[in-house]
Amino acid sequence: MADIRGLLLCAGSSSRFGAPKLLATVQAPGAPHVEAVAVLAARHLLEGCGNALAVVRAGDAKLRETLEMAGCDVLESDRSRNGMGESLADGIARSPGADGWIVALGDMPFVAPRTIALVRSQIEIGVLIAAPVNLHGRRGHPVGFSSTLKDELLGLRGDVGARLVVSHHKDELVPVPVEDAGIFVDIDTPEALAHASAGRS
């Protein structure tokens, strides 16, 4: 079986939220109780991919403990202060033998595990890049990458994230059709959190 690693990027500054947003609690529609945003995102990645390495800022002990309790491996990244691209590169460097990666975001807690599993299945069969799309072709998260792209991912710098790699290979990206509004829902502001918790996302 292919070794596809789930990477959960959790090293953002939460500047628009005004507080550590990944520890804020949210209730998924239909769920019986609230959970931390990052915990819900982690649980879905674990269910859909089978594993999760969370990348957090160096010294973020509370978030590290929370994610470890959720079942994640955790990398405290000194490079994360330089932006999402370097957080991702650090996660790739920690799992150099993987056959591919599913890159998920800690502030997107509503992506369905089945969506993640569908993206993983494409990387398992050798697709270079895969991402979920809705019925109108709009692309969301998470994005899967083959190990063929390891050097490009390791070379990411700053806060661009993987968009640069995706743009270089846009003609090779395989869309994965899903009916999952969660592929677009990120928690960037208190208003977004309230909206999502009310089940209107």
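That block above? That's the structure.
Caption draft 1: Region of the structure containing the overall build of the chain. Scanning the chain for helices and strands turns up seven helices and nine strands. Since a compact globule built from 201 residues should have a radius of gyration of about 17 Å, the 15 Å found for the chain is in line with a globular shape. If you line up the chain on its principal axes, its C-alpha atoms span 40 × 40 × 30 Å. When burial is assessed residue by residue, the chain has 52% of its 201 residues classed as buried. Contacts in the chain between residues at least 24 apart in sequence constitute 68% of all its contacts with a sequence separation of at least 6. Here the chain contributes 19 positive and 24 negative side-chain charges, whose respective centroids are spaced 3 Å apart.

Caption draft 2: Structural view of the packing of helix 1 (residues 37-49) against helix 4 (residues 113-124). Relative orientation of the contacting elements helix 1 and helix 4 amounts to 45°, with a least axis distance of 7 Å. Relative to helix 4, helix 1 is oriented oblique. Here the hand of the crossing between helix 1 and helix 4 comes out right-handed. In this structure, helix 1 contributes His-44, Leu-45, Glu-47, Gly-48 and Cys-49 to the contact, and helix 4 contributes Pro-113, Ile-116, Ala-117 and Arg-120. Across the contact of helix 1 with helix 4, the residue classes break down as five nonpolar, two polar and two charged.

Caption draft 3: Local environment of helix 4. With 12 residues, helix 4 extends 16 Å between its outermost C-alpha atoms, agreeing within 8% with the 16 Å of an ideal straight helix rising 1.5 Å per residue. Along helix 4, the residues that are buried comprise Pro-113, Thr-115, Ile-116, Val-119, Arg-120 and Ile-123. All buried residues of helix 4 lie within an arc of 160° about the axis, which places them on one face of the element. For helix 4, the elements touching its buried residues are strand 1 (4-10), helix 1, strand 6 (100-105), strand 7 (129-133), strand 8 (143-146) and strand 9 (173-177). One or two residues past the end of helix 4 sits Gly-126, with phi positive at roughly 105°.

Caption draft 4: How the structure looks around the packing of aromatic side chains. With the rule as written, the count across this model stands at zero aromatic pairs. Here Arg-138 stacks its cationic end above the ring of Phe-184, 3.8 Å away from the centre of that ring.

Caption draft 5: Quick look at the pattern of salt bridges. Under the defined criterion, the tally for this structure stands at eight salt bridges. Across the pair Arg-43 and Glu-47 runs a salt bridge, and its minimum N-O distance is 3.4 Å. Remark: Glu-47 and Arg-43 occur in helix 1; sequence separation between them is four residues, near one turn of the helix. A single network of salt bridges, built from pairs that share partners, joins Glu-35, Arg-43 and Glu-47.

Caption draft 6: Focus on the pairing of strand 4 (residues 53-57). For strand 4, the buried fraction is high: four of the five residues fall into the buried class. Here strand 4 pairs with strand 5 (residues 73-77) via five bridges, running parallel. Along strand 5, the bridge assignment pairs Val-55 with Leu-75. A crossover links strand 4 with its parallel partner strand 5, the connecting element being helix 2 (residues 61-69), and its sense is right-handed.

Caption draft 7: Structural detail: the environment of Gly-48. On the secondary structure map, Gly-48 appears in helix 1. Between the C-alpha atoms of Gly-48 and Glu-76, which are 28 residues apart in sequence, the distance is 23 Å.

So, how was this worked out
- Residues numbered from 1 in each chain as written.
- Predicted model: local features only at pLDDT ≥ 70, side-chain atom pairs only at ≥ 80, totals over all residues.
- Heavy atoms only, no water.
- Helix = DSSP H or I, 4+ residues; strand = E, 2+ residues; numbered from the N terminus.
- Rg over C-alpha atoms; globule rule 2.2 N^0.38 Å.
- Buried < 20%, exposed > 50% of the residue type's maximum accessible area, 1.4 Å probe, protein only.
- Contact = heavy atoms within 4.5 Å.
- Lys, Arg positive; Asp, Glu negative; His and termini not counted.
- Charge placed at Lys NZ, Arg CZ, Asp CG, Glu CD.
- Axes fitted to C-alpha atoms, helices over the stretch in contact; angles between N-to-C directions.
- Parallel < 35°, antiparallel > 145°, perpendicular 65-115°, else oblique.
- Left-handed = near helix turned anticlockwise from the far one by under 90°.
- Nonpolar A, V, L, I, M, F, W, Y, C, P; charged D, E, K, R; others polar.
- Expected span 1.5 Å × (residues − 1).
- Arc of directions from axis to C-beta.
- Phe/Tyr/Trp six-rings, centres within 6.5 Å; stacked < 30°, edge-to-face > 60°.
- Lys NZ or Arg CZ within 6 Å of the ring centre and 35° of its normal.
- Salt bridge = Lys/Arg side-chain N within 4 Å of Asp/Glu carboxyl O.
- Pairing = 2+ DSSP bridges.
- Right-handed = clockwise from strand over helix to strand, strands pointing away.

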